[in-house]
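Residue-level listing of the chains:
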Amino acid sequence: MSVPANGYVGRFAPSPSGPLHDGSLVAAMASYLDARACRGRWLLRIEDIDTPRVVPGADRVILQQLQALGMHWDGEPLWQSQRLAAYQQAFGQLQAQGHVFGCTCTRAQVGKGPYPGTCRNGLPEGATVRAWRFRVPDGSISFDDRWLGPQQHDVAREVGDFIIRRADGLWAYQFVVVVDDAFQGITDIVRGADLLDSTARQITLAQALVVTYPRVMHVPLVLDDNGLKLSKQNHARPFDTAQPLVTLNRAWQRLGFDTLSNLHDVDDFWGRATQHWRQRYPHLIY
Ligand code: GLU
Ligand code: ZN
């Protein structure tokens, strides 16, 4: 019989732009262990909203990869491509409360820095809106990252009003992730440190949508031989499922633990790794 779930709800939210690699596995592993250590639920969300980057069939490959490593998610995965009505509704809510504005700027006009606020105070009659931006409130956002410690970001100064609906009509990652984390009742986000920068933006959106933002933990990135983040864009190879224990132990070491030896099988790995995770985060146990 399975242990009843308590209030913890974690998630792994891969983008199906290719198979999982050693870098994505580190984030998946930390998220899975945290949920197991808390006897919580672990949900899967397929972030297939950025359709030009979606590789057909990659979602199925990802599910198979997780299964091959003995990682079991709770319930049915959620596909963002099925959630368009919810995004439209959340957008309408923001719009009704004056939290968004239409922007006519091209990429070249905005440049590389923070959005200069060009369209913030209204557009000339008949202007063609390209993208929709979130009106970022002034002030700084503070949060405690469970891996990296206290963080503080001034989104208005560092990023400015950011895009939530792109010029190509697609919803931006920052927006849909907040809508979906709230919808799925996520209490804890555990993901790669490349998304640390996004957290403050997401908190400003959560505040505007009047939803609770989860606790966060950002785990170290895996770098390639050139010091670049392992990523699908850099053509990282899928992780090896032929030798699951070797693959698991490599990710485990990257989380700062010693290799587990004399393992019988993947279930044995997860059982022992969960014990170690509980010892590292004893305050997590309900
Ligand atoms: N889909 C994102 C990615 O694969 C992760 C989103 C998240 O964990 O918030 O990089
Ligand atoms: Zn603009």
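Okay, so let's go over this structure. Computed from a predicted structure; not experimentally measured. (Residues numbered from 1 in each chain as written. Chains lettered and ligands numbered in written order. Predicted model: local features only at pLDDT ≥ 70, side-chain atom pairs only at ≥ 80, totals over all residues. Heavy atoms only, no water.)

1. So, the nonpolar core
And then number 1: In this structure, Met-29, Met-71, Phe-269, Trp-270 and Trp-277 are the most contacted members of the largest nonpolar core, which totals 43 residues.
And then number 2: Those elements giving two or more residues to this core turn out to be α1 (22-37), β2 (41-46), α2 (58-68), β10 (215-219), α8 (244-254) and α9 (266-280).
And then number 3: The leading source of residues in this core is α1, at 10 residues.
And then number 4: Leaving out residues up to four positions away in the same chain, Met-71 has contacts with Leu-25, Ala-28, Met-29, Tyr-32, Trp-42, Leu-66 and Trp-270. (Core = buried A, V, L, I, M, F, W, Y, C linked by side-chain atoms within 4.5 Å. Buried < 20%, exposed > 50% of the residue type's maximum accessible area, 1.4 Å probe, protein only. Helix = DSSP H or I, 4+ residues; strand = E, 2+ residues; numbered from the N terminus. Contact = heavy atoms within 4.5 Å.)

2. Some thoughts on the coordination of the zinc ion (ligand 2)
And then number 1: The zinc ion (ligand 2) binds to the protein through Cys-103 (SG), Cys-105 (SG), Tyr-115 (OH) and Cys-119 (SG), with metal-donor distances spanning 2.1 to 2.4 Å.
And then number 2: In this structure, the zinc ion (ligand 2) is surrounded by 4 donor atoms whose angles at the metal cover 100 to 120°, and the resulting shape is tetrahedral.
And then number 3: For the zinc ion (ligand 2), all donor residues lie on one chain, and their spacing in sequence is C-x1-C-x9-Y-x3-C. Of this pair, Cys-105 sits in the loop between β4 (100-103) and α4 (107-110) while Cys-119 sits in the loop between α4 and β5 (131-134), placing them 14 residues apart in sequence.
And then number 4: The exposure class assigned to Cys-105 is buried, which follows from its relative accessible area of 11%.
And then number 5: Judged by relative accessible area, Cys-119 falls into the buried class, the value being 3%. (Donors = N, O, S within 2.8 Å, 3.2 Å for Na, K, Ca; no water. Tetrahedral: all angles 85-135°; square planar, octahedral: opposite > 155°, others 65-115°.)

3. Things to note about the pairing of β4
And then number 1: Of the two faces of β4, the one carrying Val-100 and Gly-102 and the one carrying Phe-101 and Cys-103 are both buried.
And then number 2: In the sheet, β4 pairs with β5 via 4 bridges, with the strands oriented antiparallel. Paired with Gly-102 across the strands is Trp-132, a residue of β5. (Pairing = 2+ DSSP bridges.)

4. Comments concerning the site of ligand 1
And then number 1: Close contacts around ligand 1 come from Arg-11, Ala-13, Pro-14, Ser-15, Glu-47, Tyr-173, Val-177, Arg-191 and Leu-195, and that covers them all.
And then number 2: Ser-15 places a side-chain nitrogen or oxygen 2.9 Å from a nitrogen atom of ligand 1.
And then number 3: Tyr-173 is positioned with one of its side-chain polar atoms (N or O) 2.8 Å from an oxygen atom of ligand 1.
And then number 4: Starting from 300 Å² of accessible surface for ligand 1 in isolation, the protein chains cover 78%. (Near = heavy atom within 4 Å. Polar contact = N/O pair within 3.5 Å; in protein donor to acceptor, adjacent residues only side chain to side chain. Areas by Shrake-Rupley, 256 points an atom, 1.4 Å probe, with all protein chains shown as cover.)

5. Structural notes on the sheet that holds strand β8 (residues 162-165)
And then number 1: Taken in spatial order, the 3 strands line up as β4-β5-β8 in an open sheet, and their pairing is antiparallel. The outermost strands of the open sheet, each flanked by one partner alone, are β4 and β8. Here the average twist between neighbouring strands, direction ignored, is 45°.
And then number 2: The pairing of β5 with β8 spans 3 bridges and is classified as antiparallel. The residue of β8 that forms the bridge with Trp-132 is Arg-165. (Axes fitted to C-alpha atoms, helices over the stretch in contact; angles between N-to-C directions.)

6. A closer look at the packing of helix α3 (residues 84-96) against helix α7 (residues 196-209)
And then number 1: Contact pair α3 / α7: the axes reach a minimum separation of 10 Å and the direction vectors enclose 75°. Comparing their axes, α7 and α3 come out roughly perpendicular. Only Leu-205, Ala-208 and Leu-209 of α7 make contact with α3, whose side of the interface consists of Ala-90, Gln-93 and Leu-94.
And then number 2: Looking at the contact of α3 with α7, its residues break down into 5 nonpolar, 1 polar and no charged. (Parallel < 35°, antiparallel > 145°, perpendicular 65-115°, else oblique. Nonpolar A, V, L, I, M, F, W, Y, C, P; charged D, E, K, R; others polar.)

7. A few points about the packing of α1 against α9
And then number 1: Direction vectors running N to C along α1 and α9 enclose 75°, while the axes themselves pass 9 Å from each other. The orientation of α1 with respect to α9, classified from their angle, is roughly perpendicular. Along its contact with α1, which presents Met-29, Ala-30, Tyr-32, Leu-33, Asp-34, Arg-36 and Ala-37, the element α9 presents Phe-269, Trp-270, Gly-271, Ala-273, Thr-274, Trp-277 and Arg-278.

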